[in-house]
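For reference, the chains in residue letters:
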Amino acid sequence: MAAILCENCSGQYHYTQVNQPLEISCMLLLIMLGKVFLDFFMLQVKQKNVKVSFMGYFCVSLALLDFTLLMSISFIFYFEDFALWGLRFTKYHICLFTQIISLTYGILHYPVYLAAGLDYYMTIAQTSQFPKRGQRLLYVFAVAVIWISGFFCILKVPTTYEELEIQNRFSPYQCPLYASVQSYSVSCAMVLLIGTALLACRKEVIAMLLSVRVVSFANQPVLMFSYVSNNNGTCFKWQLLTRLLLCFLGTWAPFVLLQITILFLGAQIPAYMEMNVPWLYFINSFLIAVAYWCRRHDVELTEEMWSTDPFVSWKFCFMPFNNENTEPADKPGTVIVIC
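What you are looking at is a predicted structure, and each value in this text was computed from that prediction instead of being measured. (Residues numbered from 1 in each chain as written. Predicted model: local features only at pLDDT ≥ 70, side-chain atom pairs only at ≥ 80, totals over all residues. Heavy atoms only, no water.)

Peer 1: Quick question: what am I supposed to make of the overall build of the chain here?
Peer 2: Across its full length, the chain holds eleven helices and seven strands. Counting only residues that meet the buried cut, the chain has 45% of its 339 residues in that class. Looking at the chain alone, contacts between residues at least 24 apart form 79% of all its contacts between residues at least 6 apart. Roughly 17500 Å² of accessible area belongs to the chain as shown, and the carbon and sulfur atoms make up 66% of that amount. (Helix = DSSP H or I, 4+ residues; strand = E, 2+ residues; numbered from the N terminus. Buried < 20%, exposed > 50% of the residue type's maximum accessible area, 1.4 Å probe, protein only. Contact = heavy atoms within 4.5 Å. Areas by Shrake-Rupley, 256 points an atom, 1.4 Å probe, with all protein chains shown as cover.)

Below, the structure is given as structure tokens:
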């Protein structure tokens, strides 16, 4: 089965088949072990004092689902052939479960990023705090709805489960896994947008990079961009875009280069590997930067506004201005980014 179409879901999703030779059970077990370790490592090292968000809850749910898949694979791999609740499980189910997870992950990129983007757009400049308990329940409900809808969308397609099972039984030395076009298109769009933004702000970026120097701030090494713009506030949005780009690339430049390399080589990564916690936090920072730029006139200089991203500090992108009417400071172009 080279492709599966989910015609009744929101949009059509095509998958590129990636064949991997068996002993696939052992390979999938090792890959999932590494992925689960990476997921929980990112959840552990991120900043803890950040505002609750849809993406934060979805990252936790993804890590738990990956852990559940790892435990299921490990259990089947160890016992090999057993019956549970009247159902017989063999090593072929390791491939089958991974395929279902891959297909489900593959169709969730668009809805997850859309929900996270809307969440940040509506809350990034929020001054009155929504009741935390109600907000948490709303995020949990939204995450549950997305997961249930994804699995239902895949499993309700006629003959999907049967075709996957037949494929595994008659091709015992192959386990076709699938690379989502959604993830590929998101990568293309991000690289294109970042490249376009860098091209549009190339003069500001070069000038700020040439003015950078390392100083000590609160006993920590920081980068100070002492470039002073001569636009007197008339090009506020372009100055802000430059600062957002530098803050974003200062943290996630390796990920951007990795995406460019993958796109250039045309590498096909199975969907169950593509959607992971580090990738989601990379997308998360990009969505926050877009939300800051779109709501730039509504952002207020409060400490609460800067606790949105677990990995990037956006505070100094708005210093010393937060709107076009801000009075010029002593060094209106100075930006400090803590590294």
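Back to the write-up after that little detour.
Peer 1: What am I meant to see in a nonpolar patch on the surface here?
Peer 2: Together, Phe-40, Val-60, Leu-64, Phe-67 and Met-71 give the surface a local cluster of nonpolar side chains, amounting to about 410 Å² of exposed area. A per-element tally of the nonpolar patch places helix α2 (residues 54-79) first, with four residues. Here Leu-64 lies in helix α2. (Patch = residues over 30% accessible without salt bridge, like charges linked within 9 Å, V, L, I, M, F, W, Y side chains within 5 Å. Salt bridge = Lys/Arg side-chain N within 4 Å of Asp/Glu carboxyl O.)

Peer 1: Can you walk me through the packing of helix α8 (residues 202-210) against helix α9 (residues 236-265) in this structure?
Peer 2: Any two packed helices are characterised by how steeply their axes cross, that is the angle between the axes, and by the distance between the axes. At a closest axis distance of 9 Å, the pairing of α8 and α9 adopts a crossing angle of 60°. As far as their axial angle goes, α9 and α8 are oblique. Once α8 is placed against α9, the crossing between them reads as right-handed. Within the contact between the two elements, α8 uses Glu-204, Val-205, Met-208 and Leu-209 and α9 uses Gln-239, Thr-242, Arg-243 and Leu-246. (Axes fitted to C-alpha atoms, helices over the stretch in contact; angles between N-to-C directions. Parallel < 35°, antiparallel > 145°, perpendicular 65-115°, else oblique. Left-handed = near helix turned anticlockwise from the far one by under 90°.)

Peer 1: I'm lost on the packing of α2 against helix α11 (residues 277-294) in this one. Help?
Peer 2: Interaxial distance between α2 and α11 falls to 10 Å at its minimum, and their mutual angle equals 170°. When the interaxial angle is binned, α2 and α11 end up roughly antiparallel. Here α2 contributes Met-55, Phe-58, Cys-59, Leu-62 and Ala-63 to the contact with α11, which in turn contributes Val-277, Leu-280, Tyr-281, Ile-283, Asn-284 and Leu-287. Of the residues contributing to the contact of α2 with α11, the split by class is ten nonpolar, one polar and no charged. (Nonpolar A, V, L, I, M, F, W, Y, C, P; charged D, E, K, R; others polar.)

Peer 1: Please explain the confidence of the model for the chain as it appears in this structure.
Peer 2: Parts of the prediction with low pLDDT should not have their coordinates interpreted in detail. Residues at a pLDDT of 70 or more form 66% of the chain, whose mean pLDDT is 76. Note on residues 1-22: pLDDT is under 50 here. Beyond four places in sequence and across chains, it has 63 contacts. (pLDDT = per-residue confidence, 0-100.)

Peer 1: So what exactly am I meant to see when it comes to the pattern of salt bridges here?
Peer 2: Within the structure shown, the criterion is met by one salt bridge. Linking Lys-35 and Asp-66 is a salt bridge whose minimum nitrogen-to-oxygen distance equals 3.1 Å. Here Lys-35 is found in helix α1 (residues 24-45), whereas its partner Asp-66 is found in helix α2, with 31 residues between them in sequence. The two residues Lys-35 and Asp-66 agree in class, both being buried.

Peer 1: Hey, could you run me through α9 in this one?
Peer 2: For the α-helix, the turn length of 3.6 residues means that residues three or four positions removed from each other point alike. The end-to-end C-alpha distance of α9, which contains 30 residues, comes to just 38 Å, noticeably less than the 44 Å that a straight helix rising 1.5 Å per residue would cover. The axis of α9 is deflected most strongly, by about 80°, at Trp-252, and proline Pro-254 appears within four residues downstream. In the stretch just after α9, Gly-266 is the one whose phi turns positive, near 70°. (Expected span 1.5 Å × (residues − 1). Bend = angle between axes of the 7 residues up to and from the residue.)

Peer 1: Explain the nonpolar core here, please?
Peer 2: In this structure, Met-55, Phe-58, Phe-248, Ile-283 and Trp-314 are the most contacted members of the largest nonpolar core, which totals 72 residues. Here the element with the most residues in this core is α11; it accounts for twelve residues. Dropping the residues within four chain positions of it, Ile-283 is found in contact with Met-55, Tyr-113, Val-186 and Met-190. (Core = buried A, V, L, I, M, F, W, Y, C linked by side-chain atoms within 4.5 Å.)

Peer 1: Any chance you could explain the environment of Cys-175 here in plain terms?
Peer 2: With respect to the helices and strands, Cys-175 occurs in the loop between α6 (160-170) and β4 (177-180). Measuring from C-alpha to C-alpha, the distance between Cys-175 and Gln-99 comes to 8.2 Å, with 76 residues separating the pair along the chain.

Peer 1: Could you clarify how one ought to interpret the packing of aromatic side chains in this entry?
Peer 2: Both the distance between ring centres and the angle between the ring planes are used here to describe each pair of aromatic rings. Here the structure, examined in full by the defined rule, presents 15 aromatic pairs. Between Trp-252 and Phe-282, the ring centres sit 5.8 Å apart and the planes meet at 65°, which makes this aromatic pair edge-to-face. Of this pair, Trp-252 sits in helix α9 while Phe-282 sits in helix α11; the two residues are 30 residues apart in sequence, bridging distant segments of the chain. Just as Trp-252 is buried, Phe-282 falls in that class too. On the basis of an interplanar angle of 45° and a centroid distance of 5.6 Å, the ring pair of Trp-279 and Phe-282 is categorised as tilted. Here the residue Trp-279 and the residue Phe-282 both occupy positions in helix α11, the gap between them amounting to three residues, near one helical turn. One aromatic cluster in this structure is built from Phe-248, Trp-252, Phe-255, Trp-279, Tyr-281, Phe-282, Phe-286 and Phe-311. The ring centre of Tyr-121 lies 5.1 Å from the NZ or CZ of Arg-295, which sits over that ring. (Phe/Tyr/Trp six-rings, centres within 6.5 Å; stacked < 30°, edge-to-face > 60°. Lys NZ or Arg CZ within 6 Å of the ring centre and 35° of its normal.)

Peer 1: Looking at this structure, I do not really get the environment of Val-52. What am I missing?
Peer 2: Along the polypeptide, Val-52 turns up in the loop between α1 and α2. Measuring from C-alpha to C-alpha, the distance between Val-52 and Tyr-139 comes to 8.7 Å, with 87 residues separating the pair along the chain. Beyond its immediate stretch of four places on either side in the chain, Val-52 contacts Tyr-57, Gln-135, Arg-136 and Tyr-139.

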